[in-house]
Amino acid sequence: MLLPKDIQAEGKTDLIEMTVGDAVGQGTVDNQTLGYFLARIQLFLVKIGIDPKRLRVRQHGSQEMAHYASVSALC
């Protein structure tokens, strides 16, 4: 379950269900390594007893990115 930044910008909280592979392919998740770790974290949380229906990934907006996540921060 994913909450993309464009939906958040509209003031909505509608979740989209998609695979990690689809999220990486569409560019919602930046790269395969990040997708891998998102999936592993979810597997871990489910394994320790968290209800998967209560989990979601929220994409950060551009104003929420860490300074090192922006190319312009390096210039």
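Residues numbered from 1 in each chain as written. Predicted model: local features only at pLDDT ≥ 70, side-chain atom pairs only at ≥ 80, totals over all residues. Heavy atoms only, no water.

Q: Tell me about the packing of aromatic side chains, and please be specific about residues and values.
A: The tally for this structure, following the rule as stated, stands at one aromatic pair. Taking the centre distance of 5.1 Å and the plane angle of 85° together, the rings of Tyr36 and Phe37 count as edge-to-face. Overall, the relative accessible area of 47% leaves Tyr36 in the partly exposed class. The partly exposed category is assigned to Phe37, whose relative accessible area is 47%. (Phe/Tyr/Trp six-rings, centres within 6.5 Å; stacked < 30°, edge-to-face > 60°. Buried < 20%, exposed > 50% of the residue type's maximum accessible area, 1.4 Å probe, protein only.)

Q: Please give an account of the side chain of Gln59 that cites residues and values.
A: With respect to the element layout, Gln59 can be found in the segment after β2 (57-58). Dropping the residues within four chain positions of it, Gln59 is found in contact with Leu3, Pro4, Lys5, Gln8, Thr28 and Glu64. (Helix = DSSP H or I, 4+ residues; strand = E, 2+ residues; numbered from the N terminus. Contact = heavy atoms within 4.5 Å.)

Q: Go over the confidence of the model for the protein with me, naming the residues and quoting the values.
A: In the predicted model, the protein carries a mean pLDDT of 86, and 91% of its residues have values of at least 70. Across the protein, the secondary-structure element scoring lowest on mean pLDDT is helix α1 (residues 5-9), at 89, and the one scoring highest is helix α3 (residues 32-47), at 95. In this model residues 71-75 is a low-confidence stretch, pLDDT under 50, and it forms one contact with partners more than four residues away in sequence or in other chains. (pLDDT = per-residue confidence, 0-100.)

Q: How would you summarise a nonpolar patch on the surface if you had to cite specific residues and measurements?
A: Residues Tyr36, Phe37 and Ile41 make up a contiguous nonpolar surface patch of about 330 Å² in total accessible area. Tracing the chain through its elements places Phe37 in helix α3. (Patch = residues over 30% accessible without salt bridge, like charges linked within 9 Å, V, L, I, M, F, W, Y side chains within 5 Å. Areas by Shrake-Rupley, 256 points an atom, 1.4 Å probe, with all protein chains shown as cover. Salt bridge = Lys/Arg side-chain N within 4 Å of Asp/Glu carboxyl O.)

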